Amino acid sequence: MTREEFDAAVAKHGRRVFTLAVYLLGDREEAEDVTQEVLIRLWRRGHEVASEKIGSWLVRVTRNACVDAFRHNDSGIRAMTDSVARWPSDLSTGMPGPEGLANASQLSGRILGALRELSEPHRSVVILREIEGLSYLEIAEALEMPLSSVRVTLHRGRRHLREELRGVRDHVEAC
Amino acid sequence: MSKPVDVTCADVLDRFEAWIDGELEPADAAKLDSHVAGCAACRDEHRFALEIRSQLQAMPVFDPPARVVNAVHDAATPTMGERLNEFLNAVMRRPAPAVAAVAVIAVLVLAVVPLLRTPTTPRYSAEEVERATEETKLALAYVGGIARHAERQARQKVMSEAAVSGTLREISRSIEWTGAAVSPAPSTTKRPKRIDEGSS
């Protein structure tokens, strides 16, 4: 892989890699470390990957690196109730109205917490589909899953999120 | 509006995600549409599911910070010292080809450089060229001598190792013979019987 090809790949896919790491790990510093490791691996092994497969390869490597980071830290699933401050600060952008903003921020924080409670591969699939906007086919290629499995995994992931958040929703509406 | 009898709330929940993604067959989707329109609980669930999806899809995406990209570029660029180190390691791993390559390059330079000069303005005299050629031959002979010496040393080393192992075999055999002489085994060889001659 030439330097120009590498820089083009970083420019094109760097955002996807970092975003996935942020939402999988829930920690910006760890996400930066994982992103750096993944992109260096791209430089060293990118010549082994077909250019049209670089995107899916990077998603796969990023997810694996995040799973390894979880195992290494042995922290299990972190509670998100008090960790919203550790997330990037622009989570509240785009929320409507001051009251809605307060409730939406609380709900979005709970959504992130519930997202971290999801098991794999449900969490990865929900992040890739709902937040990063990948198609079913792109997710299937990246995670090496059949297309039908991607659909089923996404549906189950969203159902678990709904069930987890149902209590939060009732609390918000009661306030 | 009454709920259709053939679609229950459990049916709706089972196919809920596929329904809101628009992945159901039109006939099935129509049944769920009809049920949800007439069921407050399912309608509420539908609204909540759409709100969660909306929140997820509004979550921000992030560009990697500059320090990460810079660190990646630094890691991707070998330093001059690393390049020199890699070259020297390659030469040290295979010195003979490197020496031979240097000798060949030296010969080519000495042979080609005089030819590039214009004949009308010779820089070196014929005697100087002849002397340079002789010196080049001597250099090549010297390099060849080094290679032959290295080969002889390697051969001698192999032979001496074979001699040592041969000596060890001899010693081992003599130990066996010595043991046999101390306690000779009884002879098991039978003598042939004589045939009587002329016995009646």
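About the criteria used
- Residues numbered from 1 in each chain as written.
- Chains lettered and ligands numbered in written order.
- Predicted model: local features only at pLDDT ≥ 70, side-chain atom pairs only at ≥ 80, totals over all residues.
- Heavy atoms only, no water.
- Helix = DSSP H or I, 4+ residues; strand = E, 2+ residues; numbered from the N terminus.
- Axes fitted to C-alpha atoms, helices over the stretch in contact; angles between N-to-C directions.
- Parallel < 35°, antiparallel > 145°, perpendicular 65-115°, else oblique.
- Left-handed = near helix turned anticlockwise from the far one by under 90°.
- Contact = heavy atoms within 4.5 Å.
- Nonpolar A, V, L, I, M, F, W, Y, C, P; charged D, E, K, R; others polar.
- Salt bridge = Lys/Arg side-chain N within 4 Å of Asp/Glu carboxyl O.
- Buried < 20%, exposed > 50% of the residue type's maximum accessible area, 1.4 Å probe, protein only.
- Buried area = accessible area lost by both parts, 1.4 Å probe.
- Polar contact = N/O pair within 3.5 Å; in protein donor to acceptor, adjacent residues only side chain to side chain.
- Patch = residues over 30% accessible without salt bridge, like charges linked within 9 Å, V, L, I, M, F, W, Y side chains within 5 Å.
- Areas by Shrake-Rupley, 256 points an atom, 1.4 Å probe, with all protein chains shown as cover.
- Disulfide = S-S within 2.5 Å.

## Comments concerning unusual backbone geometry
Peptide bonds are mostly trans, and most non-glycine residues show a negative phi.
Residue and element names in this part refer to chain A.
Here comes step 1: Put simply, glutamate 120 and proline 121 share a cis peptide bond, and its omega is 0°.
Here comes step 2: Along the chain, proline 121 falls in the loop between helix H4 (98-117) and helix H5 (122-131).
Here comes step 3: Although it is not a glycine, glutamate 144 adopts a positive phi angle of roughly 55°.
Here comes step 4: Within the element layout of this structure, glutamate 144 appears in the loop between helix H6 (136-143) and helix H7 (147-174).

## Overview of the packing of helix H1 (residues 3-25) of chain A against helix H2 (residues 28-45) of chain A
Residues and elements named next belong to chain A.
Here comes step 1: It is at 9 Å that the axes of H1 and H2 come closest, and there the two elements cross at 150°. On the basis of the axis angle, H1 is roughly antiparallel to H2. With respect to the hand of their crossing, H1 and H2 are arranged in right-handed fashion. Contacts between H1 and H2 involve Arg3, Phe6, Ala9, Val10, Val17, Phe18, Ala21, Val22 and Leu25 from the first element and Arg28, Glu30, Ala31, Glu32, Val34, Thr35, Val38, Leu39, Leu42 and Trp43 from the second.
Here comes step 2: Of the residues in the contact of H1 with H2, the class split is 14 nonpolar, one polar and four charged.

## A look at the pattern of salt bridges
Here comes step 1: If you walk through the whole model with that rule in mind, you get 22 salt bridges over all chains.
Here comes step 2: Across the salt bridge formed by arginine 15 of chain A and aspartate 63 of chain B, the nearest N and O atoms sit 2.8 Å from each other. On the criterion of chain membership, the pair formed by arginine 15 of chain A in helix H1 and aspartate 63 of chain B in the loop between helix H4 (40-57) and helix H5 (66-76) is interchain, its members lying in two chains.
Here comes step 3: A residue is classified by how much of its surface remains accessible, and arginine 15 of chain A, at 42% relative accessible area, is partly exposed.
Here comes step 4: The shortest N-O distance in the salt bridge between glutamate 151 of chain B and arginine 155 of chain B comes to 3.0 Å. Taken together, the residues glutamate 151 of chain B and arginine 155 of chain B, both in helix H8 (residues 126-182) and four residues apart, mark about one turn of the helix.
Here comes step 5: For arginine 155 of chain B, a relative accessible area of 45% corresponds to the partly exposed category.
Here comes step 6: The structure contains a network of salt bridges with shared partners spanning Glu130, Arg158, Arg162 and Arg166 of chain A together with Glu17, Asp21, Glu45 and Arg53 of chain B.

## Some words on the interface of chain B and chain A
Here comes step 1: The interface of chain B with chain A comprises 33 residues on the first partner and 39 residues on the second.
Here comes step 2: Roughly 3500 Å² of surface becomes buried between chain B and chain A when both sides are summed, with 59% attributable to carbon and sulfur atoms.
Here comes step 3: Per-residue buried area on chain B facing chain A is highest for Phe48, Leu56 and Phe62 of chain B; these three make up 20% of the total on that side.
Here comes step 4: Run the count over chain B and chain A and you get nine salt bridges.
Here comes step 5: With its nearest N and O atoms 2.3 Å apart, the salt bridge here joins glutamate 17 of chain B to arginine 162 of chain A.
Here comes step 6: Summed over the shared surface of chain B and chain A, the result is 16 residue pairs in polar contact (both at pLDDT 80 or more).
Here comes step 7: Going through the elements one at a time, helix H1 (9-14), helix H2 (16-20), H4 and H5 of chain B are the ones with two or more residues in the side of chain B that touches chain A.
Here comes step 8: Residues of the side of chain B that touches chain A, tallied by class, amount to 19 nonpolar, four polar and 10 charged.

## Quick word on a nonpolar patch on the surface
All names here are of chain B.
Here comes step 1: Nonpolar side chains collect at one region of the surface, where Val104, Leu108, Val112 and Leu116 lie side by side and expose about 380 Å² of accessible area between them.
Here comes step 2: The residue valine 104 is located in helix H7 (residues 95-116) in this model.
Here comes step 3: For valine 104, a relative accessible area of 48% translates into the label partly exposed.

## Looking at the state of the cysteines
Residues and elements named next belong to chain B.
Here comes step 1: Taken as a whole, this structure holds zero disulfides over all chains when the rule is applied.
Here comes step 2: As a non-bridged cysteine, cysteine 9 has cysteine 42 as the owner of its nearest cysteine sulfur, 3.6 Å distant.
Here comes step 3: Counting only cysteine sulfurs, cysteine 39 is the nearest neighbor of cysteine 42, a cysteine outside any disulfide, at a range of 3.6 Å.

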